[in-house]
Amino acid sequence: METQKFSYDNSIVRAFLYATIIFGFIGFTFGLTAALMLFYPELPEFLFGTDDTTINSLSSGNIQGLINTHGAFGFGRIRMLHTNTVIFAFVCNIVYVGVYYSTQRLLKTRMYSDTLSWLHFWTWQFMIVATFITFFMGINTSKEYAEHEWPIDILIAFSWIIFGVNMILTISKRRVRHLYVAIWFYLGTWVAVAMLHIFNNLEVPLSFTGWKSYSAYAGAKDAIVQWWYGHNAVAFVLTTPVLGLMYYFLPKAADRPVFSYKLSIIHFWSLIFVYIWAGPHHLQYTALPAWAQAVGTGFSIMLIAPSWGGMLNGLLTLRGAWDKVRENPILKFFVVAVTCYGMATFEGPLLATKNINKIGHFTDWVIGHVHLGALGWNGFMAFGVIYYLVPIMWRTKIWSVKLANWHFWLGTLGIIFYAVPMYISGFTQGLMWKQFNPDGTLLWKNWLDTVTAIIPYFKMRFLGGLFYISGAILMIVNVIATVRKGSFQKEVPAEAPALANIGNKRKEGEGFHLWLERMPLLLTVLSLCTISIGSMVEIIPTLSLKKSVPTISAVKPYSPLELEGRDIYIREGCNACHSQMIRPFRDEITRFNGKNGQYSKAGEFIYDRPFLWGSKRTGPDLHREGGKNPSSWHYKHMYNPRSTSAGSIMPRYPWLIATNLDRSKMVDKMKLMKNTFDVPYTKAQIDSADQWANNQSAKIVKDIFSEANDLKEAYAKRPQGELEKK
Ligand code: HEM
Ligand code: HEM
């Protein structure tokens with residue numbers, strides 16, 4: 001067959017590579033800022049102004065400077081900026097780097113359409129910038145890793161579809177008959193993420209001209225959909241596409257074939273089948289139906305097998321090439337990455353068992369686990385791919401191998417200084433929460449004692465982050481210097497014969513999987529089916545069975561002011577640090593005001609759109625906080641948490657007291673709840689919403705003034721009714 005000449009498009013790879021590096025740095029900086037704020041909550045005051053005389057503020061604008069930020073730099077928002085930047089902007093962009101580079105070479109063809117490639121690039125980067133702006137402004141849905149509001153969700157879906165169409169059409173014009181394992185992983189990722197993103201983000205906009213929306217699911221149902229998504233964001237964004245990168249770049253860098261083809265087949269199918277079931281392990285002991293929790297645990301334990309199969313396939317690819325690891329920083333990054341993957345996937349199943357989750361959930365143990373995977377597996381795979389590609393694409397040698405080695409060691413030290421303190425902190429906190437005195441009272445009754453005990457570990461984690469980011473800065477210097485001395489090759493000429501048409505039928509002696517590898521559409525459909533089985537078994541019964549969430553007659557819809565309150569809670573990202581889920585443990589019931597054994601029940605959340613159970617408990621649980629502390633305490637606590645709780649690391653929220661509550665959409669919100677979600681508001685209640693809110697706020701203000709004379713006197717000098725408007 002006649003050979004055809006064509007060229008590979010390197011410029012799209014370069015664009016994604018630059019985006020990875022820039023957003024990686026921004027994402028790490030957000031992480032470092034969040035880490036700093038956890039032991040120096042005064043950071044926003046230091047930057048913008050304060051009335052706290054003990055703080056040497058950079059700005060002389062007193063507290064007004066902080067008020068003017070309207071919470072843009074609050075911990076809740078910085079945290080979601082961090083998680084979204086590292087996941088959607090750092091990891092996704094490096095995945096695109098790998099996919100665009102390797103797909104062209106593996107299939108011996110240029111991407112199907114340059115226009116689609118660039119449309120994908122720009123829509124994705126635009127989405128990230130839109131995320132930054134909206135999150136800083138407090139526009140978010142609160143659902144972890146899916147905090148984007150509905151217009152951005154649509155943009156993500158659009159960009160993802162463009163990506164998939166381009167990839168599938170590229171496969172259709174390939175010049176290599178069989179798809180290599182990396183491409184199975186890319187296809188599996190694409191179908192899974194499309195499904196997860198669409199179903200978890202089903203939400204109803206309050207209006208088509210505004211940002212605000214409410215989840216299509218409520219309470220326990222929202223929780224299961226969210227963690228089906230959340231866990232599989234880990235599976236199909238942080239894991240499967242990165243495994244695709246491992247299968248392409250590790251053998252390339254080591255100049256060795258993949259250890260076992262058979263193992264890669266078992267690895268791929270079992271991983272995507274098992275992963276999708278494991279989501280409920282994020283909701284152990286919560287108000288989720290017990291059967292779903294058990295399924296989550298069972299499948300998580302099974303996950304060890306395919307995960308370790310993949311890890312071994314990666315590590316054993318290096319057999320006979322270990323001497324190269326000593327000299328080659330790229331291989332060093334890959335080896336530590338795959339090892340961290342192995343550790344995280346051994347730890348994850350342990351964390352998923354009920355006995356261990358009881359201690360680890362809501363604590364820093366989970367944060368340690370996350371970053372072992374994120375810094376080690378995701379970060380180090382990304383760095384390895386960058387060090388591999390830059391010299392090739394700029395046709396030169398890396399500027400400094402020594403600097404790359406320094407990056408490697410700083411990064412490794414960073415992982416250790418991050419993960420180890422988090423494990424100690426997680427154990428410390430998890431155990432302190434549970435200790436009782438012989439007389440049956442809690443040993444650590446004051447929540448803050450369990451927080452101040454772990455501050456030293458927060459400081460060590462900051463140091464870890466600093467090491468990690470310093471390493472990344474060395475990489476940036478190295479990349480810039482290499483790019484400057486090299487010459488970039490935009491178009492890489494290649495040639496290969498076109499594929500002969502041999503028909504779709506299986507040939508004699510052709511193994512089933514080998515045949516499947518030349519049937520991309522069938523492979524994609526089979527992946528979708530494999531992923532859908534677990535999804536349907538878990539989600540459909542939970543969503544459709546009425547009895548999966550027993551109703552409680554005492555549970556009434558939220559008042560209009562409470563609806564607004566929930567929206568403020570979401571806006572400020574309070575759920576980043578507070579849970580609203582008292583698990584059925586003696587210590588939690590005692591500590592969190594669960595009188596008469598009242599742990600949280602599924603029926604209590606039927607009006608919660610979205611659910612706000614939280615996943616990290618830096619502050620105490622708030623489900624039964626209402627009525628526990630006086631209203632004046634809440635006023636002072638929001639103004640300055642350190643005035644009511646010395647040593648607290650909660651941020652200040654003075655703008656809540658300085659700005660009037662915007663009630664302009666309050667009635668629309670009630671109408672949406674009633675008309676779309678059948679919340680039983682009466683017409684009279686909706687018509688008198690403003691009066692209802694006035695009465696409730698007047699009652700709160702009355703309580704505040706009767707409890708706190710200082711506040712009564714302070715407000716006596718101001719216009720009447722001012723506080724009621726806040
Ligand atoms: C310089 C490096 C980094 C630092 C200092 C850092 C720091 C932090 C901090 C302080 C938190 C909040 C913890 C809490 O609320 O108690 C966090 C959360 C998180 N980070 Fe990082 N991070 C870094 C890199 C990364 C990377 C590279 C990724 C992913 C690829 C990542 C993924 C996450 C995720 C998913 C969470 C949320 C965890 C959860 O909710 O359980 N981080 N990080
Ligand atoms: C066999 C594989 C794995 C299993 C079974 C597993 C299991 C778990 C469990 C049980 C939790 C704790 C839930 C909780 O109590 O809150 C968790 C959290 C988490 N894991 Fe894994 N894990 C695995 C691998 C990984 C890997 C490789 C990564 C990173 C690349 C990762 C990232 C995360 C993240 C980001 C969270 C935090 C989610 C949140 O609460 O916001 N996991 N995982």
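Structure's up top.
The written sequence of each chain sets the order in which its residues are numbered from 1. Here chains are named by letter from A upward and ligands by number from 1 upward, in the order in which they appear as written. Local features in this predicted model are restricted to residues whose pLDDT is 70 or higher, and side-chain atom pairs enter the listing and the counts only when it is 80 or higher, whereas totals over whole chains, interfaces and linings include all residues. Side-chain figures throughout are based on the complete set of non-hydrogen atoms in the structure, without hydrogens or water.

Below, the discussion takes up the coordination of the iron atom of ligand 2. Water is absent from the atoms considered, so a metal site may look incomplete; donors are defined as N, O and S atoms within 2.8 Å of the metal, or 3.2 Å for Na, K and Ca. The sole protein-derived ligand of the iron atom of ligand 2 is His369 (NE2), positioned 2.1 Å away. Starting at the N terminus, helices and strands are each numbered in turn, a helix being any DSSP run of H or I of at least four residues and a strand any DSSP run of E of at least two. Tracing the backbone shows histidine 369 in helix 15 (residues 364-393).

Moving on: the coordination of the iron atom of ligand 1. Around a metal, the perfect tetrahedron of four donors has angles of 109.5 degrees, and the perfect octahedron of six donors has angles of 90 or 180 degrees. Of the protein atoms, only His82 (NE2) and His371 (NE2) coordinate the iron atom of ligand 1, at distances of 2.0 Å. Here the iron atom of ligand 1 binds six donor atoms, and the angle range of 88 to 179° at the metal identifies the geometry as octahedral. Taken together, the residues span a long stretch of sequence, with histidine 82 in helix 4 (residues 75-107) and histidine 371 in helix 15 at a distance of 289 residues. Summarising the burial analysis for this pair, histidine 82 and histidine 371 share the class buried. When four donors show all angles between 85 and 135 degrees the site is tetrahedral, when four or six donors have opposite pairs over 155 degrees and all other angles between 65 and 115 it is square planar or octahedral respectively, and in every other case it is irregular. Exposed residues in this analysis have more than 50% of their type's maximum accessible area, buried residues have under 20%, and partly exposed residues fall in between, with area computed by a 1.4 Å probe over protein chains only.

The next point concerns the site of ligand 1. Surrounding ligand 1, one finds 25 residues, the nearest of these being Arg79, His82, Glu144, His371 and Lys616. Polar contact is defined as a pair of N or O atoms within 3.5 Å, subject to the rule that within protein one atom must be able to donate a hydrogen and the other to accept it, and that residues adjacent in sequence are counted only when both atoms are side-chain atoms. Residue arginine 79 places a side-chain N or O atom 2.7 Å away from an oxygen atom belonging to ligand 1. Between ligand 1 and the protein, one listed contact pairs a nitrogen atom with a side-chain N or O atom of histidine 371 at 2.8 Å. Only helix 1 (11-37), helix 4, helix 15 and helix 18 (455-485) provide two or more residues apiece to the shell around ligand 1. Any residue that is not Ala, Val, Leu, Ile, Met, Phe, Trp, Tyr, Cys, Pro, Asp, Glu, Lys or Arg is counted as polar, Gly included; the first ten are nonpolar and the last four charged. Per-class residue counts for the shell around ligand 1 are 15 nonpolar, six polar and four charged. We call a residue near a molecule or strand when any one of its heavy atoms sits within 4 Å of it.

The topology assignment puts methionine 111 in the loop between helix 4 and helix 5 (114-136). Sequence separation between methionine 111 and methionine 167 is 56 residues, and the spatial gap between their C-alpha atoms is 7.3 Å. Beyond its immediate sequence surroundings of up to four residues, methionine 111 is in contact with Tyr100, Gln104, Ser117, Asn166, Met167, Thr170 and Lys173. What makes two residues a contact is simply this: any of their non-hydrogen atoms within 4.5 Å.

All right, on to the site of ligand 2 then. Close to ligand 2 lie 26 residues; Glu144, Tyr145, Asn357, His361 and His369 are nearest. Contact between ligand 2 and glutamate 144: an oxygen atom at 3.1 Å from a side-chain N or O atom of the residue. Asparagine 357 is positioned such that a nitrogen or oxygen atom in its side chain is 2.9 Å from an oxygen atom of ligand 2. Broken down by secondary-structure element, the contributors of at least two residues to the shell around ligand 2 are helix 8 (219-254), helix 13 (329-352) and helix 15. Here the residues of the shell around ligand 2 sort into 13 nonpolar, twelve polar and one charged.

Before going further, it helps to spend a moment on the side chain of asparagine 140. Of note, asparagine 140 is situated in the loop between helix 5 and helix 6 (150-172). Reaching out from asparagine 140, the side chain makes a polar contact with the backbone nitrogen of serine 142 at a distance of 2.9 Å. Residues contacting asparagine 140, with those up to four places away along its chain left out, are Met80, Phe135, Glu147, Glu149, Ile570 and Arg571.

Now for the state of the cysteines. For this text, the term disulfide refers to a pair of cysteine sulfurs within 2.5 Å. If you walk through the whole model with that rule in mind, you get zero disulfides. With no disulfide of its own, cysteine 574 lies 8.7 Å from the sulfur of cysteine 577, the closest cysteine sulfur.

A separate point is the pairing of strand 4 (residues 491-497). Burial along strand 4 is one-sided: the face carrying Val492, Ala494 and Ala496 is buried and the face carrying Glu491, Pro493, Glu495 and Pro497 is not. As judged from the seven bridges shared by strand 1 (residues 3-9) and strand 4, these two strands associate in the antiparallel manner. Across the sheet, residue lysine 5 finds its bridge partner in strand 4, namely glutamate 495. Any two strands are treated as partners once DSSP identifies two or more bridges connecting them.

Looking at the element boundaries, glutamate 517 is found in the loop between helix 19 (512-516) and helix 20 (520-544). No salt bridge is formed by the buried glutamate 517, whose closest oppositely charged neighbour, arginine 518, lies at an N-O distance of 9.2 Å. Apart from residues no more than four positions distant in its own chain, glutamate 517 is found in contact with Arg177, His178, Leu179, Trp184, Tyr261, Ile265 and Leu523. Residues scored as positive are Lys and Arg, those scored as negative are Asp and Glu, and His as well as the terminal groups of each chain are ignored. Any carboxyl oxygen of Asp or Glu within 4 Å of a side-chain nitrogen of Lys or Arg constitutes a salt bridge here.

On to helix 11 (residues 304-316). How far a helix is expected to stretch is found by multiplying one less than its residue total by 1.5 Å. With 13 residues, helix 11 extends 17 Å between its outermost C-alpha atoms, agreeing within 8% with the 18 Å of an ideal straight helix rising 1.5 Å per residue. The elements touched by buried residues of helix 11 are helix 8, helix 9 (261-275), helix 10 (290-302), helix 12 (322-327) and helix 13.

Next up on the list: the packing of helix 13 against helix 15. Closest axis-to-axis distance for the helix 13/helix 15 pair is 8 Å, and the angle between their directions is 155°. The orientation of helix 13 with respect to helix 15, classified from their angle, is roughly antiparallel. Here helix 13 runs over helix 15; the crossing is left-handed. Residue composition of the contact of helix 13 with helix 15, by class: 20 nonpolar, five polar and one charged. Note on definitions: angles span 0 to 180 degrees between N-to-C directions of axes, and those axes are lines fitted to C-alpha atoms, for helices only across the stretch in contact. Roughly parallel refers to an angle under 35 degrees, roughly antiparallel to one over 145, roughly perpendicular to one between 65 and 115, and oblique to any angle outside these ranges. Should the near helix be turned anticlockwise from the far one by less than a right angle, the crossing is termed left-handed; should it be turned clockwise, right-handed.

How two aromatic rings sit relative to each other is set out by the distance from centre to centre and by the angle between their planes. The criterion for an aromatic pair is that two Phe, Tyr or Trp rings (for Trp, the six-membered ring) have centres within 6.5 Å, with stacked assigned to planes under 30 degrees apart, edge-to-face to planes over 60 apart and tilted to the rest. Following the criterion strictly, the structure yields 62 aromatic pairs and no others. Judged by centre distance (6.3 Å) and plane angle (35°), the rings of tyrosine 100 and phenylalanine 163 are tilted. With tyrosine 100 in helix 4 and phenylalanine 163 in helix 6, the pair connects residues that are 63 residues apart, well separated along the chain. Take phenylalanine 163: its relative accessible area is 4%, and that puts it in the buried class. Connected via pairs of aromatic rings, a cluster forms that spans Phe16, Phe88, Tyr96, Tyr100, Trp118, Phe121, Trp122, Trp124, Trp160 and Phe163. The ring of tyrosine 639 carries the charged tip of arginine 652 above its face, separated from the ring centre by 4.8 Å. Two conditions define a charge sitting above a ring: the NZ of Lys or the CZ of Arg must be within 6 Å of the ring centre, and it must be within 35 degrees of the ring normal.

In this section: unusual backbone geometry. Generally, phi is negative for residues other than glycine and the peptide bonds are trans, each holding for most cases. In this structure, the amide linkage connecting arginine 609 to the following residue, proline 610, adopts the cis form with an omega of -5°. Within the fold, proline 610 resides in the loop between helix 22 (586-591) and helix 23 (631-639). One non-glycine residue, serine 142, adopts positive backbone phi at about 80°. Here serine 142 falls in the buried class, since its relative accessible area comes to 7%.

It is worth spelling out the packing of helix 1 against helix 18 at this point. Helix 18 packs onto helix 1 with a crossing angle of 160° between their chain directions and a minimal axis gap of 10 Å. Classified by the angle between their axes, helix 1 and helix 18 sit roughly antiparallel to one another. Where helix 1 crosses over helix 18, the handedness of that crossing is left-handed. Each of Tyr18, Ile21, Phe25, Phe28, Thr29, Leu32, Ala35 and Leu36 in helix 1 lies in contact with helix 18, whose residues at this interface are Arg461, Phe462, Gly465, Leu466, Tyr468, Ile469, Ala472, Ile473, Met475, Ile476, Val479 and Val483. Among the residues making up the contact of helix 1 with helix 18, the classes are represented as 17 nonpolar, two polar and one charged.

With that out of the way, let us pick up helix 13. Along its 24 residues, helix 13 runs 34 Å from first to last C-alpha, staying within 8% of the 34 Å computed at 1.5 Å per residue. Across the 24 residues that make up helix 13, a large majority, 20, are buried. Between a side-chain oxygen at the N-terminus of helix 13 and the backbone nitrogen of isoleucine 330 the separation is 2.8 Å; the capping residue is asparagine 328.

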